Amino acid sequence: MGFLLSKSMDANLKKQQEFMLHNSRLQMERQMEMQNQMRERQMAMQVAWSREFLKYFGTFFLVASTGLTLGAMKRKTPAMLAPIFPLSFILAYQMDNAYGTLIHRMRVLGHLGVLTQSHHIPLFSHKGSLTSIFAGRPRASWRQNASVWAFLMGLQPSTA
């Protein structure tokens with residue numbers, strides 16, 4: 001009788017472990033998907049911020065270049081046009097960041113950097129997936145996991 005009860009308990013325990021593993025994998029996949037969505041939202045916010053900044057900087061550049069040009073013509077000193085040169089580079093960068101392909105080029109260059117110079121950045125050599133996370137993780141038995149949880153909860157693990 002005890003053998004049959006023990007056998008059914010073992011089967012139930014095995015089913016419970018499989019169910020917990022399935023649930024943890026689902027949760028991990030959902031978390032990874034949520035992280036990707038948050039990353040996309042952050043990129044969208046960065047693009048929106050740069051477009052908004054471009055409006056203000058473009059207005060400043062227009063007013064400053066008009067004022068400097070009029071001042072240079074009135075005083076007949078072309079040196080007053082000198083600040084327009086560096087400001088135009090900043091404006092071009094902001095335009096490329098807001099409406100151009102700067103972010104895509106940075107992604108491509110970053111990816112190429114990871115591929116060609118992986119010895120400088122070994123942590124980011126590949127995109128993590130659920131199977132790669134579980135493959136790199138050592139397999140622990142149920143008893144080891146239970147003793148870790150017992151330790152974390154401040155309980156004495158059973159020694160059966």
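Residues numbered from 1 in each chain as written. Predicted model: local features only at pLDDT ≥ 70, side-chain atom pairs only at ≥ 80, totals over all residues. Heavy atoms only, no water.

The next point concerns the overall build of the protein chain. Each helix and strand counted, the protein chain has 5 helices and 0 strands in total. Order of helices (α) and strands (β) in the protein chain, N terminus to C terminus: α-α-α-α-α. Put simply, the protein chain has 160 residues, and 14% of those count as buried. Put simply, 59% of the contacts in the protein chain that link residues at least 6 apart link residues at least 24 apart. Of the roughly 13700 Å² that the protein chain leaves accessible, carbon and sulfur atoms contribute 66%. (Helix = DSSP H or I, 4+ residues; strand = E, 2+ residues; numbered from the N terminus. Buried < 20%, exposed > 50% of the residue type's maximum accessible area, 1.4 Å probe, protein only. Contact = heavy atoms within 4.5 Å. Areas by Shrake-Rupley, 256 points an atom, 1.4 Å probe, with all protein chains shown as cover.)

Of the residues in the protein chain, 71% reach a pLDDT of 70 or more, and the chain-wide mean stands at 81. When mean pLDDT is taken per element in the protein chain, helix α2 (residues 84-99) scores highest with 94 and helix α5 (residues 142-153) scores lowest with 57. (pLDDT = per-residue confidence, 0-100.)

Applying the stated rule across the entire model yields 4 aromatic pairs. A ring pair is formed by Phe57 and Phe60, whose centres lie 5.9 Å apart and whose planes are at 45 degrees; its orientation type is tilted. You can see Phe57 and its partner Phe60 sitting in helix α1 (residues 2-75), 3 residues apart, about one turn around the helix. Consider the rings of Phe85 and Phe89, whose centres lie 5.0 Å apart with planes at 90 degrees: the pair is edge-to-face. One end of the pair, Phe85, and the other, Phe89, are both in helix α2, 4 residues apart, so they sit about a helical turn from each other. Among the residues examined, Phe85 registers a relative accessible area of 56% and is labelled exposed. Since its relative accessible area comes to 53%, Phe89 is described here as exposed. Within the aromatic cluster, the residues linked to one another by ring pairs are Trp49, Phe53, Phe57 and Phe60. (Phe/Tyr/Trp six-rings, centres within 6.5 Å; stacked < 30°, edge-to-face > 60°.)

The subject of this paragraph is helix α3 (residues 102-116). In an α-helix, one full turn covers 3.6 residues, which means residues spaced three or four apart are oriented alike. Spanning 15 residues, α3 covers 21 Å between terminal C-alpha atoms, matching the ideal 21 Å at 1.5 Å per step. Taken together, the buried positions of α3 are occupied by Leu102, Ile103, Gly113 and Val114. Taken end-on, α3 shows its buried residues confined to a sector of 110 degrees, consistent with a single buried face. Residues of α3 that are exposed and angled more than 90 degrees away from the buried face: His104, His111, Leu115 and Thr116. (Expected span 1.5 Å × (residues − 1). Arc of directions from axis to C-beta.)

We now examine the nonpolar core. Where a protein is soluble and globular, its nonpolar side chains tend to be buried together. Leu54, Phe57, Phe61, Leu68, Ile84, Leu87, Leu91 and Ala98 form the largest nonpolar core, which has 8 residues in total. Secondary structure elements with two or more residues in this core: α1 and α2. With sequence-adjacent residues up to four places away left out, Leu87 is seen in contact with Phe57, Phe60 and Phe61. (Core = buried A, V, L, I, M, F, W, Y, C linked by side-chain atoms within 4.5 Å.)

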